[in-house]
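Tertiary structure, described
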Amino acid sequence: MCQSREFGRIVIAVFGTNVEMLDAVVDSLNMKLLAEISDKTLGLADFEILGARYELRKSARAILCKTDGTIAIQHLTNHFLHKLPGGGIEPGESIEEALLREIEEEVGCKAVIQSPVGIVIEYRKEHELLHISYCYVANVEGGVGTSSLEQAEIDEGMVTVWMKPDDALAKMYADTPNTYQGSFITARETAFLEEYLRTR
């Protein structure tokens, strides 16, 4: 079955005949689907939860590159994991607008988006959340200043570190997240970095 048809089948299984929700994810077909992550794929359940209703969340992520070949990684020191810069898309924002805003807030720099990496879909049963993340390669534009983190990010102990992509992936493989959502984040981010390293 082709990728777009398979994705459509998945969406229908989750949303049923809710046309509004189907319309909200149609644009996802323009990027490569890299992974589907669920409680089952993470070993948190024995079977897939089918027929459930999930709230939709969309976010944008970046493999943000400096000219020296390093990329920005957000170390969540209080949750023992590393993730890519990015966050939720707000009402009225495009994916690209959200990504550039999140980079400026979390990393403290301007950026130029270069190319798509792909999509990861998470089915978080505990949160009744379907999370679609869009990832792009972006380059730092100008210097890196000071981030403006939200209180929740400060509470997570978020710190930006710069490292080679291979080293970042090794860090993520070694992470031991201490929250339910942390397990999803680690699986998502490794899928993005693996694809980036495979295709660059």
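Residues numbered from 1 in each chain as written. Predicted model: local features only at pLDDT ≥ 70, side-chain atom pairs only at ≥ 80, totals over all residues. Heavy atoms only, no water.

Examining the packing of aromatic side chains
Counted according to the given criterion, the structure contains two aromatic pairs. Over the aromatic face of Trp-162 sits the side chain of Lys-66, whose NZ or CZ is 4.3 Å from the ring centroid. (Phe/Tyr/Trp six-rings, centres within 6.5 Å; stacked < 30°, edge-to-face > 60°. Lys NZ or Arg CZ within 6 Å of the ring centre and 35° of its normal.)

Thoughts on the confidence of the model for the protein chain
Per-chain confidence: the protein chain averages 88 in pLDDT, with 86% of residues scoring 70 or above. Helix α5 (residues 165-174) holds the highest mean pLDDT among the elements of the protein chain, 98, whereas helix α1 (residues 3-15) holds the lowest, 44. Predicted confidence for residues 1-23 stays below pLDDT 50, and this span has 30 contacts to residues more than four positions away or in other chains. (pLDDT = per-residue confidence, 0-100. Helix = DSSP H or I, 4+ residues; strand = E, 2+ residues; numbered from the N terminus. Contact = heavy atoms within 4.5 Å.)

So, α5
Of all the residues in α5, the buried ones are Pro-165, Ala-168, Leu-169 and Met-172. Summarising the axial view, the buried residues of α5 lie within an arc of 100 degrees, below the 170-degree limit, and thus occupy one face. Turned more than 90 degrees off the buried face of α5, the exposed positions are Tyr-173 and Ala-174. In the core, the buried residues of α5 are packed alongside β3 (71-76), β4 (81-83), β8 (158-163) and α6 (180-199). (Buried < 20%, exposed > 50% of the residue type's maximum accessible area, 1.4 Å probe, protein only. Arc of directions from axis to C-beta.)

Details of the pattern of salt bridges
This model, assessed by the stated rule, comprises eleven salt bridges. Across the pair Glu-93 and Arg-101 runs a salt bridge, and its minimum N-O distance is 2.7 Å. Residues Glu-122 and Arg-124 are paired through a salt bridge, measuring 2.8 Å at the closest nitrogen-oxygen approach. Residue Arg-124 is classed as buried on the basis of its relative accessible area, which comes to 5%. (Salt bridge = Lys/Arg side-chain N within 4 Å of Asp/Glu carboxyl O.)

Observations concerning the layout of surface pockets
Taken as a whole, the largest pocket encloses approximately 400 Å³ of empty space. Every residue lining the largest pocket is counted, 22 residues in all, and those nearest its centre are Arg-57, Arg-61, Lys-83, Gly-87 and Glu-156. Going through the elements one at a time, β2 (55-65), β5 (86-88), α3 (95-106), β7 (129-141), α4 (151-155) and α6 are the ones with two or more residues in the lining of the largest pocket. A per-class count over the lining of the largest pocket returns five nonpolar, five polar and twelve charged. (1 Å grid on protein atoms, 1.4 Å probe; cavity = no way out; pocket = protein on both sides within 12 Å on 5 of 7 lines; lining within 4 Å. Points joined across faces, edges and corners; volume = space filled by probe spheres on them. Nonpolar A, V, L, I, M, F, W, Y, C, P; charged D, E, K, R; others polar.)

Description of the packing of α5 against α6
Two elements in contact, α5 and α6, have axes whose closest approach is 10 Å; the angle formed by their N-to-C orientations is 155 degrees. With respect to α6, the axis of α5 lies roughly antiparallel. Remark: the crossing between α5 and α6 carries left-handed chirality. From α5, Pro-165, Asp-166, Ala-168, Leu-169, Met-172 and Tyr-173 reach across to α6, where they touch Thr-186, Glu-189, Thr-190, Leu-193, Glu-194, Tyr-196 and Leu-197. Residue composition of the contact of α5 with α6, by class: eight nonpolar, two polar and three charged. (Axes fitted to C-alpha atoms, helices over the stretch in contact; angles between N-to-C directions. Parallel < 35°, antiparallel > 145°, perpendicular 65-115°, else oblique. Left-handed = near helix turned anticlockwise from the far one by under 90°.)

Regarding the nonpolar core
Counting 23 residues, the largest nonpolar core has Leu-64, Ile-103, Ile-119, Ile-121 and Tyr-134 as its most contacted members. Elements with a contribution of two residues or more to this core: β2, α3, β6 (110-124) and β7. Counting residues in each nonpolar core, the second largest holds 20 residues, with Ile-37, Ile-71, Leu-84 and Ala-191 among its members. (Core = buried A, V, L, I, M, F, W, Y, C linked by side-chain atoms within 4.5 Å.)

A few points about the environment of Glu-96
Relative to the assigned elements, Glu-96 resides in helix α3. Along the sequence, Glu-96 and Ala-60 sit 36 residues apart, while their C-alpha atoms lie 7.5 Å from each other. Engagement of the side chain of Glu-96 in a polar contact is seen with the side chain of Tyr-136, the distance being 3.5 Å. (Polar contact = N/O pair within 3.5 Å; in protein donor to acceptor, adjacent residues only side chain to side chain.)

Focus on the environment of Tyr-136
Tracing the backbone shows Tyr-136 in strand β7. Among the residues examined, Tyr-136 registers a relative accessible area of 9% and is labelled buried. The spacing of Tyr-136 and Leu-64 is 72 residues in sequence and 8.4 Å in space, taken between C-alpha atoms. Sequence-distant contacts of Tyr-136, that is, excluding residues within four places in its chain, are made with Met-31, Arg-61, Ala-62, Ile-63, Ile-95, Glu-96, Leu-99, Ile-113, Ser-115, Pro-116 and Val-117.

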